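Per-entry structural report
Chain residues, written in single-letter form:
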Amino acid sequence: MIVGTAGHIDHGKTALVKALTGVDADRLKEEKARGITIDLGYAYSDLGDGRQLGFVDVPGHERFVHNMLAGATGIDAALLVVSAAEGIKPQTVEHLQIMDLLGLDRGLVALTKADLANDDQLLERMAEIETLLAPTALRGAEIVPVSAITGQGVDELKARLLALGESGKGTTGYARLAVDRCFLLSGAGVVVTGTVHAGEIKVGDHLLLTPSGLEARVRSLHAQNRAAEVGHAGERCALNLSGPRLSKDSVKRGDWVVSAELHAPTDRIDVELKLLSSEAQPLKHWSPAHVHLGAAHVMGRVALLEGDRLAPGASRLAQIVLEEKISALAGDRAILRDPSATRTIAGAVVIDPFGPPRNRRTPRRLAELAALAQPNATVLPALLREEAGFADLGRFGVARNLRSGEVDRLLAEAGGAKVARFGFLAETLAAVRADFTGTVKAFHEASPDALGLPPERLRVSLGKRWPPAVFSALLEREVAAKTVTVDGALVRLPGHALKLGARDEALWNKIAGDLQRDRFKPPRVRDFAQHYDVPEPNVRKLLRQLAKLGRVIEVAPDQFFLRPVVAEMIGIAHELGDDFTAAQFRDRLDNGRKVAILILEFFDRHGITIRRGDLRRTVPQKLGQYGPIPSTASASAV
Ligand SMILES: Nc1nc2c(ncn2[C@@H]2O[C@H](COP(=O)(O)OP(=O)(O)OP(=O)(O)O)[C@@H](O)[C@H]2O)c(=O)[nH]1
Ligand SMILES: [Mg+2]
């Protein structure tokens, strides 16, 4: 269990931690010289029975509130320190506000320097403190008079802290540790320390630093100051890390050490923002602020999503737009301080760590945020009923630190189904099927001459418009279910075929035979027209229709080849190997120089061959464009 101190400068936080643990948490030279705490200090007390108390000791000085914040975000319980000699002071109030905005509802108050006050004074201080706590999450917390000098109340305080017990939050999910320090240890290398916010970290784990994405392997670790194999959520750990590009300077306070699954840097987080009631003015849209989340501290701006003013004491949806990427997950708390960093102004609970850059305040998005604000058990049913109609389950899982099995379970409970990485309600998928069939059918009715419609045209014609990636997944599903067929580049109904009239059908039968007989040098439109005594435009129209059906390809103007013949010729070109000449190709096809060159130019246009001077070579990825290459043409060309 980690207890964090809080309270005004000089009120006896560090002295109390020493009285509780025997450890002086002021470790910096400057701290000793000035007699004040500047940066976070850590102390542990082993109680002999396996139980342990860990302390994060924070500075009270108003200039070091940013350091206090880096420590306060990882704690289980608050130990608010108020001097009996001085009573409530500005940082007593500010630190309490921060604890409250962080949602800390477990804690105690130590009324320190009790040796300097008489009973009446102590009672008066206690009454003041009770009043101060009343509107916060720490209302009703025990107030224990203590003295670091005489030892009065120290044992009682320790017992009461232990009685609070561990909060047990974040025990599931992937590993996540907020780095508050990074240093070099001779003989060991890079060491980072911080609180494990979720999951567990084991020796040998391959983790990532985020937002940098640097790889880090855990060589060894300490949990709560003791060598260990595993560090659990809620524990402070020191990790000895190694990685190809890892150095002391590549890691800083505010980074996270995470399982690869959680590496998702973001600079737009959608939150529920609460402005402190002590603020004199409403908060305006696009106000700048210092933003503290985990141990990170970055500048940002507040985009209000509901109205353009946030009244003191009010809570509303907002998007925090950060100047640098950070790691954030749903449920994380952020603290906002004013641009000159002199006071705390607001707190935020992350609802969606991946806020959209556009359309962030449309009614549709606000409704989606309301759904996302729900707890895990009910969020998917709510979210999938929203207008979007789907959830990106990958993102959803990361945002809430859920393992994929857990996401699948929640989806099943919501009566949903997964298509690629997207989740839908079963009824949505049924509607999608009807929409696909109906839209393609309507297209066929309106355009009987067309074989089908391009996918993008189908996407924008559907009754419901899906984002391209979602549409692709849905189209694939419908193709697999044989609701629709993708023919070449067109989507059509499986039963739909272009019908030729009886006369065209008869003509095509004759032409097809000719195209097959002289397959590498087929007759041209004019030849057919003369030979069969049909007007040229009619022949051309028929062959173009057949091209739409994918039976023939117009390799050169008015010169059509059977589609399988084009595939065969591609195979032959490929067989000629790198750097073949037009003459070599002509010799294999025996079709004369002119036609051979027309075919090669067609290949060049479609990227099937690349030409350098008089030499060509085939492009392996492009070979299958006109269907499978017959194995007789080339065994190696597939
Ligand atoms: N008489 C008396 N003096 C105390 C007691 N606790 C602390 N002090 C004195 O108060 C002064 C400040 O104590 P610290 O523990 O450094 O105060 P702090 O809250 O850690 O101060 P910052 O970390 O700078 O905010 C020191 O001179 C201590 O000796 C106490 O219980 N009784
Ligand atoms: Mg101190």
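The structure reproduced in this document is the subject of the present report. Within each chain, residues carry numbers counting from 1 in the order of the written sequence. Chains and ligands are labelled sequentially in the order written, the chains with letters from A and the ligands with numbers from 1. Local features in a predicted model are, by the rule used here, given only for residues with pLDDT of at least 70; side-chain atom pairs are given and counted only at 80 or more, and totals for whole chains, interfaces and linings are based on all residues. For the side-chain quantities, the full set of heavy atoms in the structure was used; hydrogens and water were omitted.

**A word on the overall build of the protein chain**
Scanning the protein chain for helices and strands turns up 19 helices and 33 strands. Dimensions of the protein chain, computed from the C-alpha atoms along their principal axes, are close to 120 × 55 × 45 Å. Taking all 638 residues of the protein chain together, 51% fall into the buried category. In what follows, residue pairs with any heavy atoms lying within 4.5 Å of each other are defined as contacts. Within the protein chain, contacts between residues separated by at least 24 positions form 65% of all contacts whose residues are at least 6 apart in sequence. A total of about 28,800 Å² of accessible surface is found on the protein chain, and carbon and sulfur atoms cover 50% of it. His is not counted, nor are the chain ends; Lys and Arg add positive charge and Asp and Glu add negative charge. Where a charge lies is defined by one atom per residue type, namely NZ (Lys), CZ (Arg), CG (Asp) and CD (Glu). The centroid of the 82 positive side-chain charges in the protein chain is displaced by 7 Å from the centroid of its 78 negative side-chain charges. For the purposes of this entry, the term helix denotes a DSSP run of H or I that reaches at least four residues, the term strand denotes a run of E that reaches at least two, and both are numbered from the N terminus. Exposure is judged per residue with a 1.4 Å probe applied to protein chains only, and the accessible area is read against the type maximum: over 50% gives exposed, under 20% gives buried, and values in between give partly exposed. We get accessible surface area from the Shrake-Rupley algorithm with a probe of 1.4 Å; when it comes to residues, only the shown protein chains can shield them.

**Considering the coordination of the magnesium ion (ligand 2)**
At this site the magnesium ion (ligand 2) is bound by Thr 14 (OG1) and Thr 37 (OG1), with donor distances of 1.9 to 2.0 Å. Linking Thr 14 in helix α1 (residues 13-21) with Thr 37 in the loop between α2 (29-34) and β2 (41-46), this pair joins segments that are 23 residues apart in sequence. Taken as a pair, Thr 14 and Thr 37 share a single burial class, namely buried. Atoms of type N, O and S within 2.8 Å of a metal are treated as its donors, and for Na, K and Ca the window is 3.2 Å; water is not considered, so some sites may appear to be missing partners.

**A closer look at the side chain of Gln 545**
Residue placement: Gln 545 occurs in helix α16 (residues 536-548). Using a relative accessible area of 18% as the deciding quantity, one classes Gln 545 as buried. Apart from the residues within four sequence positions on either side, Gln 545 is in contact with Asp 449, Leu 498 and Leu 500.

**Thoughts on the site of ligand 1**
The environment of ligand 1 is formed by 18 residues, the closest being Lys 13, Thr 14, Ala 15, Thr 37 and Ala 148. Any N or O atom pair separated by 3.5 Å or less is treated as a polar contact, with the protein-specific requirement of one donor-capable and one acceptor-capable atom, and with residues adjacent in sequence counted only for side-chain atom pairs. Contacts to ligand 1 include Gly 60, whose backbone N or O atom sits 2.8 Å from an oxygen atom. Contact with the protein chains removes 79% of the 650 Å² of surface that ligand 1 exposes when unbound. Split by residue class, the shell around ligand 1 holds seven nonpolar, seven polar and four charged. Throughout, the term near means that a residue has one or more heavy atoms lying within 4 Å of the molecule or strand in question. Note on residue classes: Ala, Val, Leu, Ile, Met, Phe, Trp, Tyr, Cys and Pro are nonpolar, Asp, Glu, Lys and Arg are charged, and everything else, Gly too, is polar.

**Some details on the packing of helix α18 (residues 582-589) against helix α19 (residues 593-605)**
Inter-axis angles, ranging from 0 to 180 degrees, are taken between N-to-C directions of lines fitted to C-alpha atoms, where helices are fitted over the stretch in contact. Their axes nearest at 9 Å, the elements α18 and α19 cross at an angle of 115°. Comparing their axes, α19 and α18 come out roughly perpendicular. Once α18 is placed against α19, the crossing between them reads as right-handed. Here Ala 582, Phe 585, Arg 586 and Leu 589 of α18 lie close against α19, whose contacting residues are Arg 593, Ala 596, Ile 597, Ile 599, Leu 600 and Phe 603. Each residue belonging to the contact of α18 with α19 can be placed in one class, and the counts come to eight nonpolar, no polar and two charged. Angles are sorted into four bins: roughly parallel if under 35 degrees, roughly antiparallel if over 145, roughly perpendicular if 65 to 115, and oblique for all others. Left-handed describes a crossing whose near helix is turned anticlockwise from the far helix by less than a right angle; the clockwise case is right-handed.

**Section: the environment of Leu 20**
Here Leu 20 lies in helix α1. The buried category is assigned to Leu 20, whose relative accessible area is 3%. Distance from Leu 20 to Arg 517, taken between C-alpha atoms, is 98 Å for residues 497 residues apart in sequence. Those residues in contact with Leu 20 that lie beyond four places of it in its chain are Ser 45, Phe 55, Leu 79, Val 154, Leu 157 and Lys 158.

**As for the nonpolar core**
Core analysis: the biggest nonpolar cluster contains 44 residues, and Trp 508, Ile 511, Leu 543, Val 566, Met 569, Phe 585 and Phe 603 have the highest contact counts within it. Looking at this core, the elements with two or more residues in it are α14 (502-517), α15 (525-532), α16, β29 (552-556), β30 (559-562), α17 (563-575), α18 and α19. Discounting residues that sit within four places of it in the chain, Phe 585 has contacts with Met 569, Ile 572, Ala 573, Leu 576, Phe 580, Ala 596, Ile 599, Leu 600 and Phe 603. Nine residue types can take part in a nonpolar core, namely buried Ala, Val, Leu, Ile, Met, Phe, Trp, Tyr and Cys, and a core is a set of them joined through side-chain atoms within 4.5 Å. Among the nonpolar cores identified, the runner-up in size contains 36 residues, and Leu 80, Ala 84, Leu 101 and Leu 104 belong to it.

**Remarks on the sheet that holds strand β25 (residues 416-419)**
With antiparallel pairing, the three strands of this open sheet are ordered in space as β24-β26-β25. The open sheet has two free edges, formed respectively by β24 (391-392) and β25, since each of these has just one partner strand. We call two strands paired when DSSP finds no fewer than two bridges between them. Summarising the sheet, β24 and strand β26 (residues 422-425) pair through two bridges and their orientation is antiparallel. Directly across from Asp 392, in β26, lies its bridge partner Phe 422.

**Some points on the packing of aromatic side chains**
Paired rings are identified among Phe, Tyr and Trp, the last through its six-membered ring, by centres lying within 6.5 Å, and are further divided according to the angle between planes into stacked (under 30 degrees), edge-to-face (over 60) and tilted (the rest). Throughout the structure, instances matching the rule amount to 10 aromatic pairs. Both rings, one in Phe 528 and one in Tyr 532, keep their centres 6.5 Å apart while their planes meet at 15°; by these two values the pair is stacked. Pair noted here: Phe 528 and Tyr 532 are both in helix α15, with a separation of four residues, about one helical turn. In this pair, the class of Phe 528 matches that of Tyr 532, namely buried. Note on Phe 580 and Phe 585: the rings are 6.3 Å apart at their centroids and 40° apart in plane angle, and the pair reads as tilted. Given a relative accessible area of 0%, Phe 580 falls into the buried group. An aromatic cluster of three or more residues is present, and its members are Phe 580, Phe 585, Phe 602, Phe 603 and Tyr 626. Of note, Arg 236 hangs over the ring of Tyr 42, and the distance from its end group to the ring centre comes to 3.6 Å. Arg 395 extends its terminal NZ or CZ atom over the ring of Phe 354, reaching a point 4.4 Å from the ring centre. Here, a charge over a ring is recorded when the distance from Lys NZ or Arg CZ to the ring centre is within 6 Å and its angle to the ring normal is within 35 degrees.

**A few points about the side chain of Arg 176**
Summarising the element assignment, Arg 176 is placed in strand β7 (residues 176-185). For Arg 176, a relative accessible area of 4% corresponds to the buried category. A polar contact of 2.6 Å, which involves the side chain of Arg 176, links it to the side chain of Asp 332. Sequence-distant contacts of Arg 176, defined by excluding residues within four places in its chain, comprise Thr 195, Val 196, His 197, Ala 198, Trp 256, Val 257, Val 258, Leu 262, Ser 327, Ala 328, Leu 329 and Asp 332.

**Some words on the state of the cysteines**
The term disulfide is used for any two cysteine sulfur atoms that are within 2.5 Å. Tallying each qualifying case throughout the model produces zero disulfides. With no disulfide partner, Cys 182 has as its closest neighbouring cysteine sulfur the one in Cys 237, 15 Å distant. With a relative accessible area of 18%, Cys 182 lands in the buried category. For Cys 237, a relative accessible area of 3% puts it in the buried group.

**Let's talk about the pattern of salt bridges**
Here, a salt bridge means any Lys or Arg side-chain nitrogen found within 4 Å of an Asp or Glu carboxyl oxygen. Counted under the stated rule, the structure contains 36 salt bridges. Between Asp 39 and Arg 253 there is a salt bridge whose closest N-O contact spans 2.9 Å. Of this pair, Asp 39 sits in the loop between α2 and β2 while Arg 253 sits in the loop between β14 (236-242) and β15 (256-258); the two residues are 214 residues apart in sequence, bridging distant segments of the chain. Beyond isolated ion pairs, a larger network of salt bridges with shared partners links Asp 270, Asp 352, Arg 365 and Glu 368.

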